[in-house]
Amino acid sequence: MISLLLILVMSLFFSGIIIRTKSILSGRKGPGILQPMLDILRLWKKGSVVSTTTSFIFQIAPTAYLASVIMAVLMIPHGDKPGFISFDGDFIMFAYVLAFGKFLMIISALDTGSSFEGMGASREALFSMLVEPAFFILLGSFALFTGQNSFRDIFSSLHYGSQISYLLGGLASFVLVMIAMIENSRMPLDDPKTHLELTMVHEVMILDNSGFDLGLINYTTNLKFAMYGALISNFFIGLLPLEFSIPMFLAIQIGFAITVGIIESFMARFRMGHNPQFVFILTSVSLLIFFGVLLVLGKFV
Amino acid sequence: MPNLVLVKDDYFWLADMVTSQVIVLITLVLGLGIVGLILVKERYRPLLTFIIVLANALISSIPSFQALAGDSQSGVLSIGHFAGELSIRIDSLSAWFILIVNFTSITGVIYGSGYLKSYSHLKVNSELHWIFYSVFHASMIWVCMFEHGVGFLISWEIMSLSSLMLVIFDFQNKTTLKAGINYMVQMHLSVALLTLGFIWLNYKTGSFNFEALDHLPFDTSSVWVFIILLTGFAIKAGFIPFHTWLPHTHPAAPSHISGVMSGVIVKLGIYGIFRIIIHLQHDWLLFGQILLIFSLVTSIYGIANAAVKYDFKQMLAYCTIENIGIIGIGLGIGLIGVGNKNNMMAILGFSGALLHTLNHSLFKSLLFFCAGSVYQQTHTRNIEHLGGLIKKMPITAVMFLIGSMAIAGIPPFNGFVSEFIIYNGLFKGLLGTQGISQSILIILTITGLAIAGGLSLITFTKSFGIIFLGNSRKVLEHEPEETSFIMLLPQFLIVAAMFSVALAPAFFFDYAIKVVTGAFSLQISNLSGSVIPVIDNLTNIGMVALIFMGILISVYGVRWFFVRYRSRAFSETWGCGYGSPIKKAQYSGQSFTRSFGLLFSFLAKEKKCAEKIPKQSIYPVPYTFSTSYIDTVERYLVIPITKRLTFMLNYFQFIQNGQIQSYVVYGIFFIILIFLGTAFNLIH
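## Comments concerning the overall build of chain B
Then comes step 1: Secondary structure assignment for chain B yields 25 helices and five strands.
Then comes step 2: For a compact globule of 684 residues, the expected C-alpha radius of gyration is about 26 Å, and chain B comes in at 26 Å, within 12% of that figure.
Then comes step 3: Seen through its principal axes, chain B has C-alpha atoms that stretch 90 × 70 × 55 Å.
Then comes step 4: Looking at chain B residue by residue over its 684 residues, the buried ones come to 54%.
Then comes step 5: Sequence-distant contacts in chain B: of pairs separated by 6 or more residues, those separated by 24 or more amount to 79%.

## Quick word on the overall build of chain A
Then comes step 1: Helix and strand counts for chain A come out as eleven helices and one strand.
Then comes step 2: What you see in chain A, going N to C, is helices and strands ordered as α-α-β-α-α-α-α-α-α-α-α-α.
Then comes step 3: For a compact globule of 301 residues, the expected C-alpha radius of gyration is about 19 Å, and chain A comes in at 19 Å, within 12% of that figure.
Then comes step 4: Principal-axis analysis of the C-alpha atoms gives chain A an extent of 60 × 40 × 40 Å.
Then comes step 5: The contacts in chain A between residues at least 6 apart in sequence include a share of 76% that link residues at least 24 apart.

## Topic: helix 6 (residues 126-145) of chain B
Then comes step 1: Helix length check: helix 6 of chain B (20 residues) gives 29 Å between terminal C-alpha atoms against 28 Å at 1.5 Å per residue, within 8%.
Then comes step 2: The element helix 6 of chain B is largely enclosed, with a buried count of 18 among its 20 residues.

## Section: the interface of chain B and chain A
Size of an interface, as often reported, equals the accessible area lost when the parts are brought together.
Then comes step 1: The partner chain A presents 66 residues to the 63 residues of chain B that form the contact.
Then comes step 2: Of the residues in the side of chain B that touches chain A, the class split is 40 nonpolar, 18 polar and five charged.
Then comes step 3: As paired strands, strand 1 (residues 48-51) of chain A and strand 3 (residues 568-571) of chain B are joined by four bridges and run parallel to one another. Its bridge partner being in strand 3 of chain B, S51 of chain A is matched across the sheet by S571 of chain B.

## Some points on the packing of helix 7 (residues 149-167) of chain B against helix 8 (residues 174-205) of chain B
Residues and elements named next belong to chain B.
Then comes step 1: It is at 10 Å that the axes of helix 7 and helix 8 come closest, and there the two elements cross at 180°. In terms of their interaxial angle, helix 7 and helix 8 are classed as roughly antiparallel. Contacts between helix 7 and helix 8 involve G149, L153, W156, E157, S160, L164 and V167 on the former and, on the latter, A179, G180, Y183, M184, M187, V191, L194, T195, F198 and L201.
Then comes step 2: Partitioning the contact of helix 7 with helix 8 into residue classes produces twelve nonpolar, four polar and one charged.

## Side note on the confidence of the model for chain A
Then comes step 1: Here chain A averages 88 in pLDDT, while 98% of its residues score no lower than 70.
Then comes step 2: Taken element by element, the predicted model of chain A shows its lowest mean pLDDT in helix 8 (residues 202-205) of chain A (85) and its highest in helix 3 (residues 56-74) of chain A (94).

## Observations regarding the domain arrangement of chain B
Residue and element names in this part refer to chain B.
Then comes step 1: Under the domain assignment, chain B is made up of domain 1 (1-218 + 236-263) and domain 2 (602-679).
Then comes step 2: Spacing between the C-alpha centres of domain 1 and domain 2 amounts to 31 Å.
Then comes step 3: Residue-level contacts link four residues of domain 1 with five residues of domain 2.
Then comes step 4: Of the residues belonging to the side of domain 1 that touches domain 2, the class tally is three nonpolar, one polar and no charged.

## Brief notes about helix 13 (residues 312-340) of chain B
All names here are of chain B.
Then comes step 1: The terminal C-alpha atoms of helix 13 lie 42 Å apart, and with 29 residues this matches the ideal 42 Å at 1.5 Å per residue to within 8%.
Then comes step 2: Counted residue by residue, helix 13 has 29 buried out of 29 residues, so it is predominantly covered.
Then comes step 3: Of the residues one or two after helix 13, K341 is the one with positive phi, at around 60°.

## Remarks on the nonpolar core
Then comes step 1: Of all hydrophobic cores here, the largest spans 318 residues; its most connected members are F103, I179 and M227 of chain A together with M498 of chain B.
Then comes step 2: Each of two domains, domain 1 (1-218 + 236-263) and domain 2 (602-679) of chain B, supplies a minimum of three residues to this core.
Then comes step 3: Not counting residues within four places of it along the chain, the set of residues in contact with M227 of chain A comprises I7, V69, A72, V73 and I76 of chain A.

## A look at the packing of helix 5 (residues 117-146) of chain A against helix 18 (residues 436-468) of chain B
Then comes step 1: With their axes 9 Å apart at the nearest point, helix 5 of chain A and helix 18 of chain B run at an angle of 160° to one another. Considered as vectors, helix 5 of chain A and helix 18 of chain B are oriented roughly antiparallel to each other. Seen along the crossing, helix 5 of chain A lies across helix 18 of chain B with a hand that is right-handed. Residue-level inspection shows A121, A125, L126, S128, M129, E132, P133, F136, I137 and G140 of chain A of helix 5 of chain A in contact with helix 18 of chain B, the latter providing I443, I446, T447, A450, I451, G453, G454, L455, L457, I458 and T461 of chain B.
Then comes step 2: When the residues that make up the contact of helix 5 of chain A with helix 18 of chain B are grouped by side-chain class, the tally is 14 nonpolar, six polar and one charged.

## Regarding the environment of L522 of chain B
Then comes step 1: Mapped onto the elements of the fold, L522 of chain B is located in the loop between helix 20 (505-519) and helix 21 (532-563).
Then comes step 2: Here the alpha-carbon distance between L522 of chain B and V558 of chain B, two residues 36 residues apart in the chain, equals 56 Å.

## Let's talk about the confidence of the model for chain B
Then comes step 1: Mean pLDDT over chain B works out to 88, with 95% of the residues at or above the 70 mark.
Then comes step 2: In the predicted assembly, ipTM is 0.95 and pTM is 0.93.

## Focus: unusual backbone geometry
Residue and element names in this part refer to chain B.
Then comes step 1: Residue P241 is reached from I240 by a cis peptide bond, and omega for that bond is 0°.
Then comes step 2: For P241, the location among the structural elements is in the loop between helix 9 (220-237) and helix 10 (246-252).
Then comes step 3: Cis geometry marks the peptide bond from P411 to P412; its omega dihedral reads 5°.

## Regarding the environment of S595 of chain B
Then comes step 1: Mapping S595 of chain B onto the fold places it in helix 23 (residues 594-599).
Then comes step 2: Excluding anything up to four places from it in sequence, S595 of chain B contacts S122 and L126 of chain A.

## Considerations on the environment of I7 of chain A
Residue and element names in this part refer to chain A.
Then comes step 1: Within the secondary structure layout, I7 lies in helix 1 (residues 2-25).
Then comes step 2: Overall, I7 belongs to the buried group, with 29 C-beta atoms counted inside 10 Å.
Then comes step 3: Considering only alpha carbons, one finds I7 and A230, 223 residues apart in sequence, at a separation of 6.8 Å.
Then comes step 4: If we skip the residues at most four places from it in the chain, I7 touches V73, I76, A226, M227 and A230.

Thresholds, definitions, all that
- Residues numbered from 1 in each chain as written.
- Chains lettered and ligands numbered in written order.
- Predicted model: local features only at pLDDT ≥ 70, side-chain atom pairs only at ≥ 80, totals over all residues.
- Helix = DSSP H or I, 4+ residues; strand = E, 2+ residues; numbered from the N terminus.
- Rg over C-alpha atoms; globule rule 2.2 N^0.38 Å.
- Buried ≥ 20, exposed ≤ 12 C-beta atoms within 10 Å, placed from the backbone.
- Contact = placed C-beta atoms within 7 Å.
- Expected span 1.5 Å × (residues − 1).
- Nonpolar A, V, L, I, M, F, W, Y, C, P; charged D, E, K, R; others polar.
- Pairing = 2+ DSSP bridges.
- Axes fitted to C-alpha atoms, helices over the stretch in contact; angles between N-to-C directions.
- Parallel < 35°, antiparallel > 145°, perpendicular 65-115°, else oblique.
- pLDDT = per-residue confidence, 0-100.
- Domains from an automatic or database assignment.
- Core = buried A, V, L, I, M, F, W, Y, C linked by C-beta atoms within 7 Å.
- Left-handed = near helix turned anticlockwise from the far one by under 90°.

As structure tokens, this is what we get:
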């Protein structure tokens, strides 16, 4: 419950912090932290333009996208306090529930019959396929490390081990930050501020969405960021009591947002053809974590 | 069972057990049905076939339900002096597969009765088709019932031949006939291996029964018996590199046949593998690891090829290969679990495999039926010619969408349930294994499953998006319209079954556990209590699926509440400044998977065919360019081997010279050979 509330609160500020960081780093004054959320509110008040080619898929996809992320958020614990839904193997469900929203967003891009939107859809499908193994190896390693099988149990028993668990946590947060960047189509893979359809991933998929639906999609992106931030913070919260864990959660989330801002300010977007290689790096880093775990558990014999 | 009792009084030569009566009754219904099918008019034949299939399904389902409830039955079928006594049984494992066979066959016959109407102008022989359909159904039940190897092989052969006849329904078409011959040859390779395996078994133990596998002596040659039998079944199931019959046969067959074949006939290969590994007495780890590796390769290879295919029925065939791989992964981790004495892992692996067998038979037949409806309305299997069908065939589109999401393993549909169990088994295995090699194998399997999941997302977003969404890419001869109710009805039935698995997974899982513990009663013990948390967990999955649906509906409700009075304008799709979008410029299936195809070109190689542009030409002339993807295993492994074989076998062509006289001589020659053999005591 607590994690749901915290993630919802954080989702209001997240992209504001990113934009603020970017503006400060580029020497501009920049908009206020709440500006992206206000933009979304404005979109929610607007009417929409719908393509005549589209079918009901186009109408339900943004809703399904948001619903799938809400469902995933419900599974995320806060340290040892379980999420709204918690069971053995919930992280498998987590990954597959997110795929539900992705599936509908991809086909809704194809629904417009556009010559561009399919391009973004194809890239989104490819990158999310490539990122999947990294997530599963990561969670598999931590399941092996802690001997547990669900988000909550993994996170709450993470700190009984040695100092090396912090190292693994660090590597894991690197992987998770990158997964979040890929899943949200941010900088090293995709530039949300670009103005050329041929080079976009996420933005080109939603070219035809407008009004309330566009607002939903933008808000879902923020929520997704906050969700991954919550996952990362869980690697460090452990069994801390609430009065320490909540500030720590917020600090990690803000740190995550600032990191995203810094990455976006100082990195150029990769060439589209090189992106798969980059995504595969995450899998190899996850494998590194896995071997680290094997080392710690003394299974290298 | 009043009807069974009645039969018992009538036929004195029946053995006293009920199972043999079941077989006899099925044969009887089948025989009467065939006579009926010959006599009745053309338009009543589908109905009569439906009645035959339904009757046989009822006859075989009653003992199957009893077996699942814990009352396994076995018996002996005596066929006089000719074949002696053949032992038969319906245990929980047979029951599981018999029920799957029955459900899919019933939906298949309903769909087929609508589907074949579009072939009525062809003047083909529908009576043969329906006769073979009922034979096919009955033979699949026999396959599940026979314990005795000879009876099993005979039914297996009847099944292969009758399905062959069903596949080559459209026999005037050359590619269909070629695919049929390909199928026939590969199926006979399978039968030959199985026969060899059973003969070897009989030589070693003196019995043809499956159970005799228990008594094989502990040595190398008995391992080979297992390997030969497993290979024979693997050909039927379509494991790499024995998969090559699937992508040719499925597009050639009429859609209700492809649905049933992909839904159940392939699964009988899995049944065979299951039946064999039950009797494995040692080397579980070795077999488990081999099976796991093969299945992993199969699943990734299958889905990677499915992703790039243009022909949607071929795509579905490759996707079947992937799912066979997933089932195989379940069996593999089950075996490793037995080897490691890790009961949870074994249970989760085997029952995950069983549930995935059930699930796959549901959504694959659904998808094939949808594909058949699309083909019937558009007369093309090339997805690049389609588009925008969701407006013409909305119900078919929704059915295809449900099938696609289920097969991609996405909650809240049923595919997720079985994949979840298999994943769970893998994670349990990861926590329980000793030694680094197993840990690495399991983490690789998890990775592979995740990749396969992602790839099926690509495959099915592509297929659904290109076939049903956007604008039509080509002008079709007839305006497509929604198919008839008789073709939609089986799809509704299947979707209902799918949701019952998705929302009440614990119920089905409970039975799957019963099957597994019944089959592995020796290896898996001390279960009491340890499976209860898993069953609870699956109840959770059903609940979570419900919650997810609730969230979906409520978010949509909120959206509806806010949007209902908003203005909504309609306009063309945004064309980036161009006012009149061209339909041909829509994103195509090939472009959707191109970057993926480049990345995975070692599995599915792109082949480009381009004409050369003459240098001297002044005026532009029509110019063609085409791309296709080739199956690398087939192209570089299977075809070279078969080419070598045909080259070698050419030298024996003189034997088949078409002269009846020489065939008579061959007959006499063999009779003399056998006579001499017995005379000199070489043959007993």
